[in-house]
Amino acid sequence: MTMTNALAPYKRLTIKVGSALLVDGKTGKLRSAWLKSLSADIAALKALGVEIVIVSSGAISLGRRLLKLDAIALPLEQSQAAASAGQIALSQAWAQALGGHDIVTGQILITPNITEERRYYLNARTTIATLLSLGAVPIINENDSVATAEIRYGDNDRLSARVATMIEADCLVLLSDVDGLYTAPPAKDPTATHLPIIPAITPAIEAMAGGAASHLSRGGMTTKVEAGKIATQAGTAMIIAKGTEDHPLKALTEGARHTLFHPAQSRAQARKRWIMGSLGVAGSLQVDAGAARALLTGKSLLPIGVTRVKGEFDRGDAIAILDPQGVEIARGLVGLDSEEAQLVKGKRSDTVLEILGTGNRAELVHRDNMVLVSGKMGEVL
């Protein structure tokens, strides 16, 4: 049988690492040798030009040992304290492991709402994109130390899917204690059959997901399939693979068994349909004839082509783009708030940077954040 590199098609990966893989369930200690092997895998992928973002659990598991908290079920305040102490240990562990390969890490603590509120979403995405452009590996964890609801370890499955879609990753890799999805939980049903490819997540597929496997990882297969729905509907593929042994990513490149969830559509299609169909407009930008022609050929909207700014909006809000006759020709996520847009409308890019500062982009709406509409409202061109 020919070995197939499961990661070959992808140039930007989000990899989710759970507590049960990073922390020994009996001793509460970091599995240093395993983390060292995973870091070697990451370094090898980066050497091939692959960008990698890690969503890592483990802060509470590490912190509970540091603070000598023995109870399996911790009250909320102790979970928060454990997360606070453990986040430092977790960050240091990743920095040391990847630093051995001259890879710089950057820690980002977020909560799911950050990936859903547009202003925070754009800021987080920009930070992650900048780290990637500088060759670093972002290490992302849910900010459990300030959580206001009960902390559940399995949430990082869904969080990793939100992160993957936010940064437009090609593939989300969930490293687990099993090598993919089965027709039934294999630990309970010896006749369960492994499913190598999931073309679409149907109710029947959801019904196959079992419960949690350990007290360190309460998400189980259910949250992994839910993560798959988030990722695939946004155009990101997802792989569930066994991560308990050393070099789990290398194993995937060498043909290790896994389950691949196909994306429902391309990332570009998913993003544009989300902009067109899910967001109400907060304002509008009217453009001159030259800008209208440029947009129709796939260009970004620059301030010089804008003749009128209408409404009050914040950076990241959806706005309508109108031609000289006031007809909507595009919709997109605006890169400036309405006050800034008023300041720079009709001005050249170099003047815009003088007004707003060099840390700002010259585009009012980038082409990646824009969808063109035809005379039939909502038709994606």
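Rules behind the numbers
Residues numbered from 1 in each chain as written. Predicted model: local features only at pLDDT ≥ 70, side-chain atom pairs only at ≥ 80, totals over all residues. Heavy atoms only, no water. Helix = DSSP H or I, 4+ residues; strand = E, 2+ residues; numbered from the N terminus. Buried < 20%, exposed > 50% of the residue type's maximum accessible area, 1.4 Å probe, protein only. Pairing = 2+ DSSP bridges. Axes fitted to C-alpha atoms, helices over the stretch in contact; angles between N-to-C directions. Arc of directions from axis to C-beta. Contact = heavy atoms within 4.5 Å. Polar contact = N/O pair within 3.5 Å; in protein donor to acceptor, adjacent residues only side chain to side chain.

A. Expanded view of the overall build of the chain. A tally of regular secondary structure across the chain gives 13 helices and 15 strands. Across the 381 residues that make up the chain, the buried fraction comes to 48%.

B. Structural view of the sheet that holds strand β13 (residues 318-322). One open sheet accounts for 5 strands, arranged β12-β11-β13-β14-β15; its pairing is mixed. With partners counted over all chains shown, the strands left at the sheet margins are β12 (306-310) and β15 (370-372), one partner each. The sheet shows a mean angle of 20° between the axes of neighbouring strands, direction not considered. Here strand β11 (residues 283-287) pairs with β12 via 4 bridges, running antiparallel. Each residue of the ladder has a partner; that of Leu 285, found in β12, is Val 309.

C. Fine view of helix α11 (residues 289-296). Of all the positions in α11, only Ala 291, Ala 292 and Leu 295 are classed as buried. Viewed end-on, α11 has its buried residues packed into an arc of 105°, placing them on one side of the element. In α11, those exposed residues whose orientation departs by more than 90 degrees from the buried face are Arg 293 and Leu 296. Elements in contact with the buried residues of α11: β11, β13, β14 (328-333) and β15. Two or three places before Gly 290, at the start of α11, stands the capping residue Asp 288, its side-chain oxygen 3.3 Å from that residue's backbone nitrogen. Two residues or fewer after α11 comes Gly 298, characterised by a positive phi angle close to 95°.

D. Spotlight on the sheet that holds strand β3 (residues 105-110). Spatial strand order, β3-β4-β2-β1-β5-β9-β10-β8: 8 strands in an open sheet with mixed pairing. Every other strand in the sheet has two partners, leaving β3 and β8 (197-198) as the edge strands with one partner each. Strand direction decides the pairing type here: β8 and strand β10 (residues 258-261), joined by 2 bridges, are parallel. Of the residues in β10, the one forming a bridge with Ile 198 is Phe 261.

E. Summary view of unusual backbone geometry. In the Ramachandran plot, Lys 68 falls in the positive-phi region, its phi being about 55° despite a non-glycine side chain. For Lys 68, the position within the fold is in the loop between α3 (59-66) and α4 (76-99). Its relative accessible area of 69% is what places Lys 68 among the exposed residues. A positive phi angle is found at Glu 168, which is not glycine, with a value near 60°. Relative to the helices and strands, Glu 168 is located in the loop between α6 (155-166) and β5 (171-176).

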